[in-house]
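Spelled out from the first residue to the last, the chains are:
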Amino acid sequence: MKVQIITPWYPSASQPYKGVFVANQVSGLRESGIDVAVEVPQIFPAPRGPIPQAVWDGAEKLADQSPELVFPLIGDATHIPCPVPSRSGIPGRCRSFANGIKMKRKYIPVDADIEHVHVGLPAATSVAQISDRPMVITEHSSHVRSECSIPEVADMYREAIENSSTFICVSNFLQKQIADILEVKISEKWKVIPNIVNFDSFPYVPRENFSCSSWIYVGAFFDTKGVVELLRVFALYKKQFAPQATLTLVGDGPLRSWVERFARSRGIRDSVIIYGPQNQEDLQKYLAQADLMVHLSKYETFGLISLEAIASGIPVISLRNGGGEETWSDLENFCGRILDLDVEENEIVEAIHDFSLRTSDLDLRFASDSLRQRFSSNSISNKLIEIYESVL
């Protein structure tokens, strides 16, 4: 069986954590004997207005001479440049992805039984326009809510799901949200299969105690990820309960300068350590130095990093944001706390302090072992293969 993976999210040297869940799935399928190839359409920002035909003609002329130059193989994935006009939205991205993927396949053909598209918009709509193979869609994205608030985009998404053989969501929470926003019923073709979590890079590290004074956050520096609340909560916790506390931030994003300014204004700049994005192997060393992960995102479709932290032996403080509730809430008493969405910042501080006094009740080893079994490569890959076989 040959499977073609199409995903705009995939790890690279500059963004080692982007789409790591897709890379984990690719590795798992290959380990199960499936022949997998990967295409990564990449957005190249272009000026407003239609892409001139001369741009596509020039790319074709260059591809005639050297396809690998236009569509380079980076790691195990073929990257496809897709010029997208400014302010063209999802429809513009779909058109560009369709043109780019079609051109790439003209020069580097695809010999697959199944198209497996990750992230429904814009990739699935694009693939449906150029391929008649069975198409499986896996949706991970937390952006679906905002994107499908535009009627035209919601229509495109409904059509993509209708054209698919199977539509997979990584959580029941995400599946329900998509059904609600699209105003459609969940049919038999809708499935829930969680992400594979590659725990190989996250060995369990036993800890004698948890002082909850070495905090860590891993992820994008976005407001939607709760970064502002995190800094405010940390500053308050440090002032009230733990003057020695530190916060390590691993990632990057538009709020980085705000984080630095806020930390200076509160006199805690020396206690806030910022690192750029890290690959899984390097990330483990930062996790090993921490004794608490605090993740205050109010919306997560899956919550991968919390699982990696727990597997490493670090308790997690999180919110009832959807993904976390579904993936580890049944283990909460062993590995952390999940707080209500409407909790105030001072209440989070109190909850973390209370948690720090009760860490003797934790059983991180049990929680780690449970997650490793629950999201193992073999278990998830077998579920995917069953779906592939059913659509052929």
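Residues numbered from 1 in each chain as written. Predicted model: local features only at pLDDT ≥ 70, side-chain atom pairs only at ≥ 80, totals over all residues. Heavy atoms only, no water.

Peer 1: When you look at the packing of helix H4 (residues 89-107) against helix H5 (residues 120-130) in this model, what are you seeing that I'm missing?
Peer 2: Each packed pair of helices is defined by two parameters, the angle between the axes and the distance between the axes. One way to put it is that H4 packs onto H5 with a least axis distance of 8 Å and a crossing angle of 50 degrees. With respect to their mutual orientation, H4 and H5 come out oblique. H4 and H5 meet at a crossing whose hand is right-handed. Side by side, H4 and H5 meet where Ile90, Arg93, Cys94, Phe97, Ala98, Ile101 and Lys102 of the first sit next to Leu121, Pro122, Ala123, Thr125, Ser126, Val127, Gln129 and Ile130 of the second. (Axes fitted to C-alpha atoms, helices over the stretch in contact; angles between N-to-C directions. Helix = DSSP H or I, 4+ residues; strand = E, 2+ residues; numbered from the N terminus. Parallel < 35°, antiparallel > 145°, perpendicular 65-115°, else oblique. Left-handed = near helix turned anticlockwise from the far one by under 90°. Contact = heavy atoms within 4.5 Å.)

Peer 1: Whenever I open this one, the pattern of salt bridges confuses me. Can you help?
Peer 2: A side chain with one charge may pair with a side chain of the opposite charge, provided their charged atoms come close. A complete count under the given rule lists 17 salt bridges for this structure. Residues Lys106 and Glu60 are paired through a salt bridge, measuring 2.9 Å at the closest nitrogen-oxygen approach. Separated by 46 residues along the polypeptide, Lys106 in helix H4 and Glu60 in helix H2 (residues 53-65) bring together distant segments of the chain. Residue Lys106 is classed as exposed on the basis of its relative accessible area, which comes to 54%. For Glu60, a relative accessible area of 25% puts it in the partly exposed group. Note that Lys225 and Glu300 form a salt bridge whose closest N and O atoms lie 2.8 Å from each other. Taken together, the positions of Lys225 in the loop between strand S9 (214-218) and helix H9 (227-240) and Glu300 in the loop between strand S12 (292-294) and helix H12 (304-311) put the pair 75 residues apart, joining distant regions of the chain. (Salt bridge = Lys/Arg side-chain N within 4 Å of Asp/Glu carboxyl O. Buried < 20%, exposed > 50% of the residue type's maximum accessible area, 1.4 Å probe, protein only.)

Peer 1: Teacher, can you tell me more about the pairing of S9 here?
Peer 2: Working note: regular strand, side chains alternate between the two faces of the sheet. Across the five residues that make up S9, a large majority, four, are buried. Here S9 pairs with strand S10 (residues 246-250) via five bridges, running parallel. Bridge pairing links Trp215 to Leu247 in S10. Read as a crossover between parallel neighbours, the route from S9 over H9 to S10 is right-handed. Judged from the two bridges that link them, S9 and S12 form a sheet pairing that is parallel. Bridge pairing in S12 links Trp215 to Leu292. (Pairing = 2+ DSSP bridges. Right-handed = clockwise from strand over helix to strand, strands pointing away.)

Peer 1: Teacher, can you tell me more about the packing of aromatic side chains here?
Peer 2: Two measures describe an aromatic ring pair: the distance that separates the ring centres and the angle between the ring planes. Summed over all chains, the structure comprises 12 aromatic pairs. Their ring planes at 50 degrees and their centres at 5.8 Å tell us that Tyr237 and Phe241 sit as a pair that is tilted. Judged by relative accessible area, which is 2%, Tyr237 ranks as buried. We classify Phe241 as partly exposed; its relative accessible area is 30%. Sitting over the face of the ring of Tyr299, Arg145 holds its NZ or CZ atom 3.7 Å from the ring centroid. (Phe/Tyr/Trp six-rings, centres within 6.5 Å; stacked < 30°, edge-to-face > 60°. Lys NZ or Arg CZ within 6 Å of the ring centre and 35° of its normal.)

Keep in mind these numbers describe shape, not what the thing actually does.
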